[in-house]
Amino acid sequence: MLIVVDDEQETTEEMAELLNSENFEVQSFNNGHRFKSSIVDFEGPLDAFIFDLKMPTLSGFDLIEFAKARYPNVPIIMITGHGTQVDAERALNSGANLV
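Numbers given to residues run from 1 along each chain, matching the order in which its sequence is written. Whole-chain, interface and lining totals are the exception, using all residues; otherwise, since this is a predicted model, local features are given only for residues with pLDDT of at least 70 and side-chain atom pairs are given and counted only at 80 or more. The basis for the side-chain values is all heavy atoms of the structure; hydrogens and waters are excluded.

### Re the side chain of T12
Among the structural elements, T12 can be located in helix α1 (residues 9–21). Polar contacts here mean pairs of N or O atoms no more than 3.5 Å apart (in protein, one a potential hydrogen donor and the other a potential acceptor; neighbouring residues in sequence count only if both atoms are side-chain atoms). A polar atom in the side chain of T12 sits 2.9 Å from the backbone oxygen of Q9. Engagement of the side chain of T12 in a polar contact is seen with the side chain of N30, the distance being 2.9 Å. Any two residues having at least one pair of non-hydrogen atoms within 4.5 Å are treated as being in contact. Apart from residues lying up to four places away in sequence, T12 is in contact with V4, D6, S28, F29 and N30. Secondary structure elements follow DSSP: runs of H or I no shorter than four residues count as helices, runs of E no shorter than two count as strands, and numbering proceeds from the N terminus.

Structure below.
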């Protein structure tokens, strides 16, 4: 299962469609709070998290911290349309595996 969190609904829909076409099971969220409340009860295997770096209320940095605390062995991929080299370095230093 891949978990995608991005505040742009069109982005999550397109990513889910693309990943599903490659036979990945995907669950997507358009808001970090919904992700956090839903993942608490999740019991299945997780293959990776894909987080948008810049979102309102909860950023990708917040989600890295949350995910690493609960699922330390699940890879985290960060995506963004508005990032900088400093953001990429911060994400990697925070525990992301790929930016």
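After that view, the rundown keeps rolling.
### Topic: the sheet that holds strand β3 (residues 48–52)
When DSSP finds two or more bridges between a pair of strands, those strands are recorded as paired. Strand order in this open sheet of four strands is β2-β1-β3-β4, and the pairing throughout is parallel. Edge strands, defined here as strands with exactly one partner in the open sheet, are β2 (26–29) and β4 (76–79). On average, each strand axis in the sheet is tilted by 15 degrees relative to the strand beside it, whichever way the strands run. Summarising the sheet, strand β1 (residues 2–5) and β2 pair through four bridges and their orientation is parallel. From the neighbouring strand, V5 faces β2, where its bridge partner is F29. In this description, a line fitted to the C-alpha atoms serves as the axis of each element, helices being fitted only across the stretch in contact, and the angle between N-to-C directions of two axes falls anywhere from 0 to 180 degrees. Across the sheet, α1 lies against β1, β2, β3 and β4, angled at about 175 degrees from β2, the strand it touches most.

Limitation: the analysis is restricted to geometry and does not speak to function.
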